[in-house]
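Now for the letters of each chain:
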Amino acid sequence: HASPIVMLAITASKCSRRAAQKLPVGTSFQLKRFSSSSSVINVDNPYTSEIHCSISTVDQKTGLAMVDEGSKIQEEWAKTSLDHRIDVVQKFMENFKQRKEEIAQDISSMMGKPLAQAQGEVNGVMERVEAMCDFAPKALADEVLPKEGFMRKIVREPVGVVLVLAPWNYPLLTTVNSVIPAVLAGNSVVLKHSPRTPLCANHFQSAFESSGAPVGLVQALHTDNDTVHAAIQHPKIGFVSFTGSVATGHKIYESVARNRFIDTTLELGGKDGAYVAPDANLDNAVAGLVDGAFYNAGQSCCGIERVYVHESMYDEFVEKAAETISGYVLGDPSDEKTTLGPLALSSQPAFLEAQVNDARAKGARVVVGGKPTTDSAGKGRFFEPTLVADVTSDMDIATVESFGPVLAVASVKSDDDAVERLNSTNYGLTGVLFTESAERAMQLAPRIEAGTVFMNRCDYLDPMLPWTGVKDTGKGVSLSEHGFGAFSRLKGYHFKLAS
């Protein structure tokens, strides 16, 4: 599962009141070496509405000083061997694993996902770290080009300090995609998480410091928008990795382009669609697509938001999907019986209700759900798991990212009709095909405007494959061997040897 998308802001959110300072071990560097401003980020628990943590922020002068410090550390880190860096990263992974329960509890309490899903996210970090350590020797190796009388080679040098702007929806998995290859490539990292999940940045810093990394190699930065944009202009920042909304992605890209010629990765929105072909296994399609739509309460950039079903199977699909969706259990994220958690952002229930009402007014059927709600105990900012049928392309729910537990479905007459509908949004992260024919999938996949095409599965990032997108989904690549390219710059050696 992947990114944040709609509502991620890099503004410090002001939540309610109880100032319960929660500062894990790894915050020592920022707190002791740099003075803090008087501002505090308060993070409320989406289920209880109580304050889970309060984090002190730093001012612009301090934030830029952290970049300077990161640059000094990076100069020394770049001189270390790749074997040493891999060893440190593997110790980081072990450290993270030992703190699994604490980290998972913090994630669940800050953004509301069920504890079991938060634990699963920690496990996902292990999978990706192992894969990137395996990729690194080949991805970062020199390329020697033999020629008699010459020494020619291409080397990959680190870019310097990498600024990572991470989201709240998968606050570990989206972060590890950038932090680990950056560190392995010889860079240092300044990590600014969404104000919805600031403790995750602290956990990354702490785990690195406890793993033999030099203090300051990975720093948690808690600050405001203006400081982020000022940091982008700092000459020692060599790359910016951002995951968030399209609107904020434009602001980040504009900020980079103002005075810099550095590159960025922008993982932005998604409105991922699926096609259930006439030869699909219907039960598998329903199970897979409903899970892909409602996992993490639908707060995933590659979550399924639209399903186009061949007309021969449409009614049965809607009936079976409604039955499955009605089985979700809303409740306390710490309760193992809970299968759908509250929404992270307080503004999201009203946003989703407006989408559903717009669809209803334009002729869609709300088969299940459709309203903001609480659980049976009267707690939590939930939205009912919702199925909207007979959706047309003029409805917001068919084109505007929902980022919640809402699934839109429509009937299509043919493969060509399905492809046209799949490509009818401004996004292009993933496209999904449910069919028993690999040949059909191979014929349709090149026509789908997306960075990844799935067959008979969805909403999963394989670290062996590049994660990318088209259109308003953004630019750049993470994961796979290709994900290392952003964090190094090529240099050519062209030596004419003495005769």
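Everything below is about the structure printed above this text.
Scoring rules and cut-offs
- Residues numbered from 1 in each chain as written.
- Predicted model: local features only at pLDDT ≥ 70, side-chain atom pairs only at ≥ 80, totals over all residues.
- Heavy atoms only, no water.
- Helix = DSSP H or I, 4+ residues; strand = E, 2+ residues; numbered from the N terminus.
- Buried < 20%, exposed > 50% of the residue type's maximum accessible area, 1.4 Å probe, protein only.
- Contact = heavy atoms within 4.5 Å.
- Areas by Shrake-Rupley, 256 points an atom, 1.4 Å probe, with all protein chains shown as cover.
- Lys, Arg positive; Asp, Glu negative; His and termini not counted.
- Charge placed at Lys NZ, Arg CZ, Asp CG, Glu CD.
- Phe/Tyr/Trp six-rings, centres within 6.5 Å; stacked < 30°, edge-to-face > 60°.
- Expected span 1.5 Å × (residues − 1).
- Axes fitted to C-alpha atoms, helices over the stretch in contact; angles between N-to-C directions.
- Parallel < 35°, antiparallel > 145°, perpendicular 65-115°, else oblique.
- Nonpolar A, V, L, I, M, F, W, Y, C, P; charged D, E, K, R; others polar.
- Core = buried A, V, L, I, M, F, W, Y, C linked by side-chain atoms within 4.5 Å.
- Pairing = 2+ DSSP bridges.
- Patch = residues over 30% accessible without salt bridge, like charges linked within 9 Å, V, L, I, M, F, W, Y side chains within 5 Å.
- Salt bridge = Lys/Arg side-chain N within 4 Å of Asp/Glu carboxyl O.
- Right-handed = clockwise from strand over helix to strand, strands pointing away.

A. A look at the overall build of the protein chain. Across its full length, the protein chain carries 15 helices and 22 strands. When its C-alpha atoms are laid out on the principal axes, the protein chain stretches across 75 × 65 × 40 Å. Burial status across the protein chain gives 58% buried among its 499 residues. Taking the intrachain contacts of the protein chain between residues at least 6 apart in sequence as the baseline, contacts between residues at least 24 apart amount to 75%. For the protein chain, the accessible area works out to roughly 19200 Å², and carbon and sulfur atoms hold 50% of it. Side-chain charges of the protein chain comprise 47 positive and 59 negative groups, with the mean position of each set lying 8 Å from the other.

B. Quick peek at the packing of aromatic side chains. Inspection of the entire model under this criterion finds nine aromatic pairs. Measuring from centroid to centroid gives 5.3 Å for Phe239 and Phe487, while their planes differ by 65 degrees, and the two rings are edge-to-face. Of the two residues, Phe239 is situated in strand E8 (residues 237–243) and Phe487 in the loop between strand E21 (474–475) and strand E22 (488–496); the sequence distance between them amounts to 248 residues. One exposure class covers both Phe239 and Phe487, and it is buried. Taken together, the ring pairs in this structure connect Phe92, Phe96, Phe204 and Phe208 into an aromatic cluster.

C. Here's a closer look at helix H12 (residues 348–361). Across its 14 residues, H12 extends 20 Å between first and last C-alpha, which sits within 8% of the 20 Å expected from 1.5 Å per residue. Among all positions in H12, only Gln348, Pro349, Leu352, Gln355, Val356, Asp358 and Ala359 are buried.

D. Representation of the packing of helix H3 (residues 82–98) against helix H6 (residues 173–184) in the model. Running from N to C, H3 and H6 cross one another at 150 degrees; their axes reach a closest spacing of 9 Å. Looking at the two axes, H3 sits roughly antiparallel to H6. Residues Leu82, Arg85, Ile86, Val89 and Phe92 of H3 pack against Ile180, Val183 and Leu184 of H6. For the contact of H3 with H6, the class distribution of residues is seven nonpolar, no polar and one charged.

E. Summary view of the nonpolar core. Among the nonpolar cores identified, the biggest contains 63 residues, and Phe96 and Phe208 are the most heavily contacted of them. In terms of residue count, the dominant contributor to this core is helix H5 (residues 115–139) (12 residues). When sequence neighbours within four positions are dropped, the list of residues in contact with Phe96 reads Ile103, Val122, Val125, Met126, Leu172, His203, Phe204 and Ala207. Among the nonpolar cores identified, the runner-up in size contains 48 residues, and Leu340, Met395, Ile397 and Ala398 belong to it.

F. Quick look at the sheet that holds E21. Strand order across the open sheet formed by six strands is E7-E6-E5-E8-E9-E21, with mixed pairing between neighbours. Whereas interior strands pair on both sides, the edge strands pair on one side only; in this sheet they are strand E7 (218–220) and E21. The sheet contact formed by strand E6 (residues 188–193) and E7 spans three bridges and is parallel. Following the sheet pairing, Val189 is matched in E7 by Val218.

G. Inspection of a negative patch on the surface at higher detail. Taken together, the side chains of Glu127, Glu130, Asp134 and Asp462 present a region of like negative charge at the surface. Looking at the secondary structure, you find Glu127 in helix H5. Judged by its relative accessible area of 35%, Glu127 is partly exposed.

H. Up close: unusual backbone geometry. At Asn296, a position not held by glycine, the phi torsion is positive, near 60 degrees. Within the fold, Asn296 resides in the loop between helix H10 (282–294) and strand E11 (304–310). By relative accessible area, which is 2% here, Asn296 ends up buried. Despite not being glycine, Leu479 shows a phi value in the positive range, around 65 degrees. Relative to the helices and strands, Leu479 resides in the loop between E21 and E22.

I. Spatial organisation of helix H7 (residues 198–209). Here H7 spans 17 Å end to end across 12 residues, near enough to the 16 Å set by a 1.5 Å rise per residue. Listing the buried residues of H7 in full gives Pro198, Leu199, Cys200, Ala201, Asn202, His203, Phe204, Gln205, Ser206, Ala207 and Phe208.

J. Fine view of the environment of Ala408. Note that Ala408 resides in strand E16 (residues 406–412). Accessibility expressed as a relative area gives 3% for Ala408, which makes it buried. Residues Ala408 and Ala257, spaced 151 residues apart in sequence, show a C-alpha to C-alpha distance of 37 Å. Among all residues touching Ala408, those that are not within four sequence positions of it are Glu305, Arg306, Val307, Val388, Val391 and Ile397.

K. A look at the pattern of salt bridges. Following the criterion strictly, the structure yields 20 salt bridges and no others. Between Glu305 and Lys271 there is a salt bridge; the shortest N-O distance is 2.7 Å. Taken together, the residues Glu305 in strand E11 and Lys271 in the loop between strand E9 (263–267) and strand E10 (272–276) connect sequence positions 34 residues apart. With a shortest N-O distance of 2.7 Å, Glu449 and Lys471 are connected by a salt bridge. Here the residue Glu449 occupies a position in the loop between helix H15 (438–444) and strand E19 (452–455), and Lys471 occupies one in strand E20 (residues 470–471), the gap between them amounting to 22 residues.

L. Local environment of the pairing of E11. Within E11, seven of the seven residues are buried, which leaves the element mostly enclosed by the surrounding structure. Bridge analysis of E10 against E11 gives five bridges, and the strand direction is parallel. Opposite Asp272, over in E11, you have Ile304 as the bridge partner. After leaving E10, the chain enters H10 and then returns to the sheet as E11, a path that is right-handed. As paired elements, E11 and E16 share five bridges and run parallel to each other. Residue Arg306 lies in a different strand from E16, and its bridge partner there is Ala408.

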